[in-house]
Structures are given as structure tokens and as C-alpha cells.
Amino acid sequence: MKTRSIEVIVPPPAPHYVGDGFRVHNFIPSGYHLDMQRMTPFIMMDYNAKFIFPPSEHPKGVGVHPHRGFETVTLAYKGKVAHHDSAGNSGIIGEGEVQWMTAASGILHKEYHEEAFSKTGGEFQMVQLWVNLPAKDKMSKPKYQGLTRESISKFNLPDNAGVVEVIAGQYKEVKGAASTFSPVHLQNAKLNKGGKADFHFPSHYNTALLVIEGSIKVNENEAVETDHFVLFENDGESFTIEALENAVVLVLSGEPLNEPIAAQGPFVMNTRQEIVQAIDDYNQGKFGYLD
Ligand code: MN
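All of these numbers come straight from a predicted model, not from anything done at the bench.

Caption draft 1: Local environment of the pairing of strand β11 (residues 122–132). Across the 11 residues of β11, 10 count as buried, placing the element largely inside the fold. One ladder, built from 9 bridges, connects strand β4 (residues 42–53) with β11; its direction is antiparallel. Paired with M44 across the strands is W130, a residue of β11. Here 8 bridges tie strand β6 (residues 70–78) to β11, and the two strands are oriented antiparallel to one another. Bridge pairing in β11 places A76 opposite M126.

Caption draft 2: Local environment of the packing of aromatic side chains. For the structure shown, the criterion picks out 16 aromatic pairs. Centre to centre, the rings of F51 and F53 are 4.9 Å apart; their planes meet at 75 degrees, and the pair counts as edge-to-face. A relative accessible area of 23% means that F51 is categorised as partly exposed. Among the aromatic side chains, those forming a connected cluster through ring pairs are F155, Y171, F199, F201, F232 and F239.

Caption draft 3: Main features of the pairing of strand β23 (residues 238–243). In this structure, strand β18 (residues 196–200) lies alongside β23, joined through 5 bridges in antiparallel fashion. Bridge assignment links A197 to a residue of β23, and that residue is I241. For strand β20 (residues 216–218) and β23, the ladder comprises 3 bridges, and the chain directions are antiparallel. For K217, the partnering residue across the bridge sits in β23 and is E242.

Caption draft 4: Representation of the sheet that holds strand β21 (residues 222–224) within the structure. Taken together, the 4 strands give an open sheet; going across it, the order is β18-β23-β20-β21, and neighbouring strands pair in antiparallel fashion. Whereas interior strands pair on both sides, the edge strands pair on one side only; in this sheet they are β18 and β21. Neighbour to neighbour, the strand axes of the sheet diverge by 25 degrees on average, direction disregarded.

Caption draft 5: Local environment of the environment of D46. Within the secondary structure, D46 is located in strand β4. Accessibility expressed as a relative area gives 11% for D46, which makes it buried. Separated by 244 residues in sequence, D46 and L290 have C-alpha atoms that sit 24 Å apart. Setting aside residues up to four positions removed in sequence, D46 forms contacts with H16, V18, V24, H25, N26, M126, V127 and Q128.

Caption draft 6: Structural context of the nonpolar core. Counting residues in hydrophobic clusters, the biggest one holds 33 residues, and the most contacted among them are L75, V127 and L186. The greatest single-element share of this core, amounting to 4 residues, is contributed by β4. Core analysis: the next-biggest nonpolar cluster, separate from the first, contains 27 residues, L157, V166, Y171 and F232 among them.

Caption draft 7: Molecular detail of the pattern of salt bridges. Under the criterion given, the structure shown has 8 salt bridges. K286 serves as the salt-bridge partner of D281, at 3.7 Å between the closest nitrogen and oxygen. The class for K286 is exposed, based on a relative accessible area of 54%. A single network of salt bridges, built from pairs that share partners, joins R68, D281 and K286.

Caption draft 8: Main features of the side chain of H185. With respect to the secondary-structure elements, H185 resides in strand β17 (residues 184–191). Looking at H185, the relative accessible area reads 15%, which means it is buried. A polar contact is formed between the side chain of H185 and the backbone nitrogen of Q170, at a distance of 3.0 Å. Contact partners of H185, with chain neighbours within four places excluded, come to F42, A168, G169, Q170, F201, Y205, V251, L252 and S253.

Caption draft 9: Structural context of the environment of V230. Tracing the backbone shows V230 in strand β22 (residues 229–232). Through-space distance from the C-alpha of V230 to that of K175 is 24 Å; in sequence the pair is 55 residues apart. When neighbours within four sequence positions are excluded, V230 is seen to be in contact with I6, V8, I9, T207, A208, L209 and V224.

Quick notes on the rules
- Residues numbered from 1 in each chain as written.
- Predicted model: local features only at pLDDT ≥ 70, side-chain atom pairs only at ≥ 80, totals over all residues.
- Heavy atoms only, no water.
- Buried < 20%, exposed > 50% of the residue type's maximum accessible area, 1.4 Å probe, protein only.
- Helix = DSSP H or I, 4+ residues; strand = E, 2+ residues; numbered from the N terminus.
- Pairing = 2+ DSSP bridges.
- Phe/Tyr/Trp six-rings, centres within 6.5 Å; stacked < 30°, edge-to-face > 60°.
- Axes fitted to C-alpha atoms, helices over the stretch in contact; angles between N-to-C directions.
- Contact = heavy atoms within 4.5 Å.
- Core = buried A, V, L, I, M, F, W, Y, C linked by side-chain atoms within 4.5 Å.
- Salt bridge = Lys/Arg side-chain N within 4 Å of Asp/Glu carboxyl O.
- Polar contact = N/O pair within 3.5 Å; in protein donor to acceptor, adjacent residues only side chain to side chain.

Right, dumping it as C-alpha cells:
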């Protein structure tokens, strides 16, 4: 198999706030001036790098807002997020947990720091990805997958190198619990210093990684620091990572959807007409109710 080369290593772009609770670096699409097609089916990635929020009596976050046409995937590395949606789902995303919300035909939700975490404050570190849906699934029923630590499968790397946690897709023979609408791999490699892992995805799958903790070497020659994002070329199947110190690396790879994207704010559809329809449906209250 051919080595997949690095297209670019992206340092964290200047952060901005989403609501008052998420201080994020936007890597997809704006971090490397990508368009939303470059990493399809991953059309958005916000990264709240490790940040200490002070204690607050009032939970910080984002109030009620809609989504249609895609999935939001929230990974909590530090701190806790509380979530409520108009389909009646709610929950807490704790450290090491993942929430996979399929907005599809339309949902309202709100995302806040969990109440007890708000009161004490502390280290907060999250990733939110938007995974696009194939055109045929954009108007399917909303759903919700809450992945606890126990439900995330693990591959133990040889030589005490660490583990690969498989959220979606597959690593070696281990399959992830999350169900997806198109082929998506989402994995956390947790490596001990000196530990190595190899990854193999079809070359046409759009592929990237984000260094959550520590620092790594990619393909035995490129050093990548904490909070940096690596976008790979589509020129080979395989890459390797090696931990220069204890490291956590989020790896994402997916089959491109190759469908037109029409996006406006929280709506991502295929045509401008469908965006107009989404705004209209939202204004008419067809996304349900949430206070
Ligand atoms: Mn949202």
C-alpha cells in the first residue's frame, strides 16, 4: 500500500465563541480556506482546545437553535456538556463520551455546560464535527446515539503502544458502535510515549487528524504539535503516527459524498431551493418545540 502524504499541517486558527460556552478554533472549513467539499462528508469541525472556564452560576453554552440536513458529532475530552433536543432526547456528554445526533429532516436543540461543571468550572476540551448526509437521507427522521465510555470499542496496540478507540467505522478487526449513513471512520488513538499506530483507508477517502494531547510524528518524518490539524492528500492508503510524548489523536476518514452542497447557517442541503424550504419550515415551527 502507498503512503498517504501530508497536504498541510494547520495551526489552530484564531478562536471565536459559539454562544458563550464554546471557545473554538474552526479547522473545517475555514482553517485552511477549505471549501465544504474538500473534507466531505466532514463539512465542519470546531475545536475547543483545552481552556479553563471560571466557575459560573449560569451554565454557559448555546441556546435553542435548529439544524437540518446533516449530523452533529460532539466529542468531550475535558468537562461535560448537557444537551436537550426537540425530539425529546437529552443527556450529558461526559469525558471520553461522544454524542452522535442525526438532525436530518430537522431538529431544535441547545448545548450547555453541565450544571455541576459550570459551578466548579475547570478544564474544558471538545470537538464538534458536522457530518453531511447523503441527499437521499437528508429528510429522514432525526435520531440520537449517545456513546458512553463502555460502548466505545477498543483495539489494544501491540508493544504497549496504547489503544485505538473506535467510535465509528473500523480499526483492524474492531468495529465502532456508531451507525452512519455513509462510510465514516472516527477514532481516537491514545498512545504512550514512543507508541506507534498505522492507519489504512481507501485513498479517495478524505482523511485528517487532530492532535488533542501531546505531540506526534507522522509518516516517520513530520512532527506535529498539540492542537494542530493535519490534512492528508488523497494519494495513498496508509499513514503512521508515533507519539513523541503521551498523545491523543483524533483520526477522521470518510468516503466523499460527491453531491452538491448548499449551506446557510445551521442548514446544509443540496440546492438553494431546499435551503429556502428549510428556513420556511423552521419559521413555520415544523422543527418542533423546545424551550
Ligand atoms: Mn447545534
